[in-house]
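Now for the letters of each chain:
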Amino acid sequence: MNDLVKSALQTAFRMLPWPTTTGLRPIGTPGRASPVLLTSNYDLTVRRVERALRGVDAWLLVAPAGGINVWCAAAGGHLTTHQVVSTLRTSGIAERVDHRVLVLPQLAATGIEGLDVFRRTHWRVRFGPVRAEDLPAYLAAPGEKTDAMRRVSFDWRDRLEMAIAWGAPSALVVGGLALLLQPAWALPLVALCAAMALATFTLLDRIPRRGPLILGAAATLLSVAATLAAGGGAAAVATAIAAPPLLTALLTFDYAGSTPLEGGSHFESRDWRIHLDLDRCAGVFRCWEVCPEACFERDDATRKVILAHDERCVRCGACVVQCPKDALSFVASDGARIAPATIRRYKLNLLGRRTADTGVDRASDVH
Ligand code: SF4
Ligand code: SF4
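Residues numbered from 1 in each chain as written. Chains lettered and ligands numbered in written order. Predicted model: local features only at pLDDT ≥ 70, side-chain atom pairs only at ≥ 80, totals over all residues.

What about the sheet that holds strand E2 (residues 36-40)?
Strand order in the open sheet formed by five strands is E1-E3-E2-E4-E5, with mixed pairing between adjacent strands. Strands at the two margins of the open sheet, each flanked by one partner only, are strand E1 (23-27) and strand E5 (124-127). With strand direction ignored, the average angle separating the axes of adjacent strands in the sheet is 30°. With four bridges joining them, strand E4 (residues 101-104) and E5 adopt parallel strand pairing. Along E5, the bridge assignment pairs leucine 102 with valine 125. (Pairing = 2+ DSSP bridges. Helix = DSSP H or I, 4+ residues; strand = E, 2+ residues; numbered from the N terminus. Axes fitted to C-alpha atoms, helices over the stretch in contact; angles between N-to-C directions.)

The structure is reproduced here in structure tokens:
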């Protein structure tokens, strides 16, 4: 299939898994000193990484992750320490390079324990940049991650992609329904779906959480009013009435965890906040390296980290998982605490409902 068509299809239906072949891929003409990178077997991601690395000689390990993108796979328990360890052991990469440094995508830090990978394989884990396009600059100066490389920006390209991903399936359903009931309304309703998806992802973080619901209700009223004004028959009115639930579902969906921009909402009632125990901090700066919201700043003078922007925290748990000194945890205003061991043991993050039901309600784990 043509690359462009493939990308368009995978963007429009990115909620579906798009697995690609796992294993070791040479990029350019890699040698024994070339960098080794790993990503999930989501076809769109692998092709983007390969494109970004054009002109670079590197080894790329594609790990089994259910054909899901890195962020969702790691946060949802599909791209784990086990997948990384088994890919390192079965790919034969150890025989092809002289070093033992593995570069992982930064957004995999919620699910992969860097320290555990080292204990089990003696490969040192580094977390690279958020975006594949920054890989060449990162590889040229490892460890020198700029703020732009570490922070999820959710720029217009991400917003457009998410709008297409949510708008296309709903347009397909609404358009199909309209074609069956009232063909003349198919195009306007598809346009309405596209406009609503665009509006949602343009305004996502700029309007109150219930804003999309108001937009959906307004669109529904407009849709029905326009249908009646045009003198549409019963089928047209039925189509206009059928669209609202679909649009409302799209617009009121809990996006928590869909992007690293949206905070977790699952345990909102407990008001969990990220907490730094400065006495334990040894200045390893792993938290600084992996936080997708750049909540941490390095204090090179004291060799400690500063939790400078905790208000940005989306409760992904990446810093808690990676901190080798267990200096980070989640605490609630009533004094309850989720210890790092619990986060690691249950692959628990507070982003959404995907993995959160597995342990936090156990009294012995929340204290
Ligand atoms: S909090 Fe943990 S990961 Fe962050 S600098 Fe301190 S020891 Fe390192
Ligand atoms: S501070 Fe919050 S957003 Fe940043 S890595 Fe930790 S849990 Fe995730």
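Some remarks on the site of ligand 2
In the region of ligand 2, 13 residues are neighbours, and Cys291, Cys295, Cys313, Cys316 and Cys319 sit closest. For the shell around ligand 2, the per-class residue count stands at ten nonpolar, one polar and two charged. (Near = placed C-beta within 6 Å. Nonpolar A, V, L, I, M, F, W, Y, C, P; charged D, E, K, R; others polar.)

A few points about the confidence of the model for the chain
On average, residues of the chain score 83 in pLDDT, and 80% of them reach the 70 mark or higher. No element of the chain has a lower mean pLDDT than helix H11 (residues 234-252), at 64, and none a higher one than strand E3 (residues 58-63), at 98. Segment residues 352-367: pLDDT under 50, and 32 contacts once partners within four positions in sequence are set aside and those in other chains are kept. (pLDDT = per-residue confidence, 0-100. Contact = placed C-beta atoms within 7 Å.)

A word on the environment of glycine 76
The topology assignment puts glycine 76 in the loop between helix H3 (70-75) and helix H4 (81-91). On the basis of neighbour counts, which here come to 21 C-beta atoms within 10 Å, the residue glycine 76 falls in the buried class. Separated by 35 residues in sequence, glycine 76 and glycine 111 place their C-alpha atoms 7.8 Å apart. (Buried ≥ 20, exposed ≤ 12 C-beta atoms within 10 Å, placed from the backbone.)

Digging into H4
Residues of H4 that are buried include every one of Thr81, Gln83, Val84, Thr87, Leu88 and Ser91, and no others. Tucked inside the fold, the buried residues of H4 contact E1, E2, E3 and helix H5 (114-121). Looking one or two places after H4, you find glycine 92, whose phi comes out positive at around 80°.

Notes on the site of ligand 1
Around ligand 1, the structure places 13 residues, and the nearest of them are Cys281, Val284, Cys287, Val305 and Cys323. Across the shell around ligand 1, the residue classes tally to ten nonpolar, one polar and two charged.

Some words on the sheet that holds strand E9 (residues 328-331)
The strand order E6-E9-E10 describes an open sheet built from three strands, whose pairing is antiparallel. With one partner strand each, in any of the chains shown, strand E6 (273-276) and strand E10 (337-338) form the two edges of the open sheet.

Re the packing of H4 against H5
Relative placement of two packed helices is described by the angle separating their axes and the distance separating the axes. Axis separation between H4 and H5 bottoms out at 10 Å; the angle between their running directions is 35°. You can see that H4 and H5 cross each other, and the crossing is right-handed. Facing Thr81, Val84, Val85 and Leu88 of H4, the residues of H5 in contact are Asp116, Val117, Arg120 and Thr121. For the contact of H4 with H5, the residue count by class is four nonpolar, two polar and two charged. (Left-handed = near helix turned anticlockwise from the far one by under 90°.)

Looking at the nonpolar core
Of all hydrophobic cores here, the largest spans 62 residues; its most connected members are Leu61, Ala74 and Cys319. Counting only domains with at least three residues in this core, you end up with domain 1 (3-146) and domain 3 (268-358). Setting aside its immediate chain neighbours within four residues, leucine 61 contacts Leu24, Val36, Leu37, Leu38, Thr87, Ser91 and Ile93. One finds Met162, Ala168, Val174 and Leu189 within the second-largest nonpolar core, a separate group that totals 18 residues. (Core = buried A, V, L, I, M, F, W, Y, C linked by C-beta atoms within 7 Å. Domains from an automatic or database assignment.)

A few points about unusual backbone geometry
For phenylalanine 285, which is not a glycine, the phi torsion comes out positive at approximately 65°. When you line up the elements, phenylalanine 285 lands in the loop between E6 and helix H12 (286-290). With 19 C-beta atoms counted inside 10 Å, the residue phenylalanine 285 sits in the partly exposed group. Positive phi is not limited to glycine here, since aspartate 326 has a value of about 50°. Structurally, the position occupied by aspartate 326 is in the loop between helix H13 (318-322) and E9. Taking the number of C-beta atoms within 10 Å as the measure of exposure, aspartate 326 has 13 and is therefore partly exposed.

Things to note about the packing of helix H8 (residues 156-181) against helix H9 (residues 186-203)
Direction vectors running N to C along H8 and H9 enclose 155°, while the axes themselves pass 8 Å from each other. As judged from the angle between their axes, H8 and H9 are roughly antiparallel. In the crossing of H8 with H9, the sense of the turn from one axis to the other is right-handed. Judged by residue contacts, Arg159, Met162, Ala163, Trp166, Gly167, Ser170, Ala171, Val174, Gly175, Ala178 and Leu179 of H8 engage Ala186, Leu189, Val190, Cys193, Ala194, Ala197, Leu198, Phe201 and Thr202 from H9. Per-class residue counts for the contact of H8 with H9 are 15 nonpolar, four polar and one charged. (Parallel < 35°, antiparallel > 145°, perpendicular 65-115°, else oblique.)

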